[in-house]
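Structural overview
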Amino acid sequence: MNSARPPGLPHVDAMTPAELVLAGPVTRDEVRGLCEEVRVLLEGGGAAVVVCDVGGLGPPGLGVVDLLARLQLAARRAGGRIRLRDPDPALHALLDLVGLRFEVEGQPEQWEPALGVQEEVEPGDPAV
């Protein structure tokens, strides 16, 4: 995997979060460099969120879980967070299984109601 960046300062639009594309199996030696890249994107670029495109990671396993946990830790230490783009449903299930929660692009955040959902209360319904 080649994660070399072009020379110079990255251009970050205030409305567009920084992006990191994770492709192919990531080796243990590459994890430290990717964590550093997340830190640089957050601290140097002024972004609050790094979107990690995980669609090309391949079949999920504990190595991918470890990578994402380390990236999230690096992001938190830099004052930001990561958001996943295009996670495999099996990866989503594996992250739930190990107790890790990540924001996923296209899903409402926990405190946002899903669009089109309305709650009705009938008079006389017991309080829940």
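You'll find the structure just up there.
The sections below set out a description of the structure shown in this document. (Residues numbered from 1 in each chain as written. Predicted model: local features only at pLDDT ≥ 70, side-chain atom pairs only at ≥ 80, totals over all residues. Heavy atoms only, no water.)

Note on pairing: side chains with opposite charge can pair once their charged atoms come close. Tallying each qualifying case throughout the model produces eight salt bridges. We note a salt bridge from Arg 70 to Asp 66, for which the minimum N-O separation is 3.0 Å. Here Arg 70 pairs with Asp 66, and both are found in helix H2 (residues 62–77), just four residues apart, close to one helical turn. Note that Arg 85 and Glu 105 form a salt bridge whose closest N and O atoms lie 2.7 Å from each other. (Salt bridge = Lys/Arg side-chain N within 4 Å of Asp/Glu carboxyl O. Helix = DSSP H or I, 4+ residues; strand = E, 2+ residues; numbered from the N terminus.)

Angle between the axes and distance between the axes are the two parameters that describe a pair of packed helices. Where H2 meets helix H3 (residues 89–98), the axes come as close as 10 Å, and the angle between the chain directions of the two elements is 70°. Here H2 lies roughly perpendicular to H3, going by the angle between them. Between H2 and H3, the residues in contact are Leu 62, Val 64, Val 65 and Leu 68 and Leu 91, Leu 94, Leu 95 and Val 98, respectively. Here the residues of the contact of H2 with H3 are counted per class, giving eight nonpolar, no polar and no charged. (Axes fitted to C-alpha atoms, helices over the stretch in contact; angles between N-to-C directions. Parallel < 35°, antiparallel > 145°, perpendicular 65-115°, else oblique. Contact = heavy atoms within 4.5 Å. Nonpolar A, V, L, I, M, F, W, Y, C, P; charged D, E, K, R; others polar.)

What follows covers the environment of Val 26. Topologically, Val 26 is positioned in the loop between strand S1 (18–23) and helix H1 (28–45). Linking Val 26 and Gly 63, residues 37 residues apart in sequence, is a C-alpha distance of 8.1 Å.

To continue, consider the nonpolar core. When a protein is soluble and globular, its nonpolar side chains tend to lie buried together. Leu 22, Val 50, Cys 52, Leu 68, Leu 71 and Ile 82 are the most contacted members of the largest nonpolar core, which has 28 residues in total. Residue contributions to this core peak at seven residues, all from H2. The residues contacting Cys 52, other than those within four sequence positions of it, are Leu 20, Leu 22, Leu 71, Ile 82, Arg 83, Leu 84 and Arg 85. (Core = buried A, V, L, I, M, F, W, Y, C linked by side-chain atoms within 4.5 Å. Buried < 20%, exposed > 50% of the residue type's maximum accessible area, 1.4 Å probe, protein only.)

What follows covers H2. Over its 16 residues, H2 extends 22 Å from the first C-alpha to the last, a length consistent with the 22 Å expected when each residue adds 1.5 Å. Within H2, burial applies to Val 64, Val 65, Leu 67, Leu 68, Leu 71, Gln 72, Ala 74 and Ala 75. (Expected span 1.5 Å × (residues − 1).)

This part is about a nonpolar patch on the surface. On the surface, Leu 62, Leu 97 and Val 98 cluster together into a nonpolar patch covering about 330 Å² of accessible area. Looking at the element boundaries, Leu 97 is found in helix H3. (Patch = residues over 30% accessible without salt bridge, like charges linked within 9 Å, V, L, I, M, F, W, Y side chains within 5 Å. Areas by Shrake-Rupley, 256 points an atom, 1.4 Å probe, with all protein chains shown as cover.)

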